[in-house]
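Structure assessment
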Amino acid sequence: METKVIKIDQKNMCSEDFAEASKLLREGRLVAFPTETVYGLGGDAFDKTASARIYAAKGRPSDNPLIVHIADIKDLTKLASEVPESALRLAEKFWPGPLTMILNKKEELPKETTGGLNTVAIRMPSHPIAKRLIEESGVYIAAPSANASGRPSTTRAEHVIEDLDGRIDMIIDGGSADIGLESTIVDLTCNPPLILRPGYITIGMLREILPDIEYDKAVIKRVRDDSIVAKAPGMKYKHYAPKGDLTIYEGSREKVRDAIIESVKQGLDMGKSVGILASDELYADYMAAFPAEAPGTTQQDMGGKSLGPVIEQIGSHSDEAVVASRLFDLLREFDHRGVELIYAESFESEALGQAIMNRMFKAAGYHIVTLE
Ligand code: TXA
Ligand code: MG
């Protein structure tokens, strides 16, 4: 299959831009598109064949349900059998935006779309291209993140091409996704309501509307403990993973820096290609420790020899929005540069840090080193 890539400028778009994509969606074909969180791989939520195509294109296990995207709050009733007051209050406050709600599903919605469950995940995205695509096509768009299953989510069209070229019908290139981490998922079918996946909308923001909301246990676990099973089927898999082995260091800034430098030296001594995911605060220290590495140098440039680590600067500990927006991109960048061992600082906080660390812990397979 040939994958057509089209560009749409969100500041200057017209119906014509969406004609072909809308037609494809109505025919049960697949179109990847940008949202404010990550790119989505869209298909008609009410078409079983389209859902089957999504699972096949991603190599995704069929018990892992899809999120259905709508462009109007009123459409909640088209997908959910009942809409509790809490859902309307959350929608009013956070939609359109990076929040997904789990509700009991309407009978008519195929179980192929909901991974066999009687519940459905619903989101109303704020990205102008996503919104317009839903409106122009007249389709409720089922869309998981547009990555190959198990890989980091895609935040740019280039990532989607890398993972899905030849496997889907169209990619709408609308530039970078702003937030860079997937939506917060809230389950409203249980009491108390649960956060199944942390995201840009934090527990603090949600508690202003739902004071008793809690995290699903699996979200906050810090060790690999298979007895704690995630309620969101997709959260139980090893996920967001780069090809290299990621290790996360936490503790005081100096201890983390020294431990990472030591580990990098050991890795290089073993002849491995090594990477550092560096904060703005420690970037200069790493550069000073490994002066051979000039920015932009690849392992190939060094004749396959690891003269120094690949050091990627992710942002400041005090600006988590930037860290969040770059995480998946940089994990992919380590892959491009053939890195086998990645050492990262931890970016812990009560706010967006929860979402960042949830993704990093999974990417690392819970390989966390705590320095006392
Ligand atoms: O930001 C996002 O949410 C992006 C964009 C494209 O909207 N989408 C996204 O979809 O991240 P996906 O499929 O990669 O992640 C959906 C997660 C999975 O972990 C899945 O198991 C969970 O939501 N999920 C979907 N429906 C569910 C349901 N009925 N009950 C529990 N978990 C559900
Ligand atoms: Mg995903």
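Refer to the preceding data block for the structure.
First things first, this report covers the structure right here in the doc. Bear in mind that the values here come from a model prediction, so they are computed numbers and not experimental data. (Residues numbered from 1 in each chain as written. Chains lettered and ligands numbered in written order. Predicted model: local features only at pLDDT ≥ 70, side-chain atom pairs only at ≥ 80, totals over all residues. Heavy atoms only, no water.)

**Points about the sheet that holds strand β16 (residues 368-370)**
- If you trace the five strands from one edge of the open sheet to the other, you get β14-β13-β15-β12-β16, paired in parallel fashion. Strands with a single pairing partner mark the edges of an open sheet, and in this sheet they are β14 (310-315) and β16. Averaged over neighbouring strand pairs, the angle between their axes works out to 20° when direction is ignored.
- Summarising the sheet, strand β12 (residues 245-250) and β16 pair through three bridges and their orientation is parallel. Across the sheet, the residue bridging to Y249 is V369, located in β16.
- Packing against the sheet, helix α11 (residues 320-336) makes contact with β12, β13 (274-279), β14 and β15 (341-345), and its axis sits at approximately 160° to β14.
- Relative to β12, helix α12 (residues 352-363) is tilted by about 130°, and along the sheet it contacts β12, β13, β15 and β16. (Pairing = 2+ DSSP bridges. Helix = DSSP H or I, 4+ residues; strand = E, 2+ residues; numbered from the N terminus. Axes fitted to C-alpha atoms, helices over the stretch in contact; angles between N-to-C directions. Contact = heavy atoms within 4.5 Å.)

**Observations regarding the site of ligand 1**
- Close to ligand 1 lie 29 residues, the nearest being T37, N64, H69, S183 and G234.
- The side chain of T37 places a nitrogen or oxygen atom 2.7 Å from an oxygen atom of ligand 1.
- At 3.0 Å from an oxygen atom of ligand 1 is found a side-chain nitrogen or oxygen belonging to R123.
- Every element with two or more residues in the shell around ligand 1 is listed here: β4 (67-69), β6 (119-123) and β10 (194-197).
- If one sorts the elements of the shell around ligand 1 by residue count, β6 sits on top with four residues.
- For the shell around ligand 1, the class distribution of residues is 16 nonpolar, eight polar and five charged. (Near = heavy atom within 4 Å. Polar contact = N/O pair within 3.5 Å; in protein donor to acceptor, adjacent residues only side chain to side chain. Nonpolar A, V, L, I, M, F, W, Y, C, P; charged D, E, K, R; others polar.)

**Describing helix α1 (residues 15-26)**
- End to end, α1 covers 15 Å across 12 residues, agreeing with the expected 16 Å (1.5 Å per residue, within 8%).
- Within α1, the full set of buried residues consists of F18, A21, S22, L24 and L25. In an axial view of α1, the angular spread of the buried residues amounts to 155°, which keeps them on one side of the axis.
- Elements that come into contact with the buried residues of α1 comprise β2 (31-33), β3 (40-44), α5 (128-137), β7 (141-142) and β8 (170-173).
- Remark: G28 follows α1 within two positions and exhibits a positive phi of approximately 85°. (Expected span 1.5 Å × (residues − 1). Buried < 20%, exposed > 50% of the residue type's maximum accessible area, 1.4 Å probe, protein only. Arc of directions from axis to C-beta.)

**With respect to the packing of aromatic side chains**
- Going through the model one piece at a time under the given rule, you end up with four aromatic pairs.
- Arranged with centres 6.4 Å apart and planes meeting at 45°, the rings of F361 and Y366 form a pair that is tilted. For the pair F361 and Y366, a shared accessibility class is recorded, and that class is buried. (Phe/Tyr/Trp six-rings, centres within 6.5 Å; stacked < 30°, edge-to-face > 60°.)

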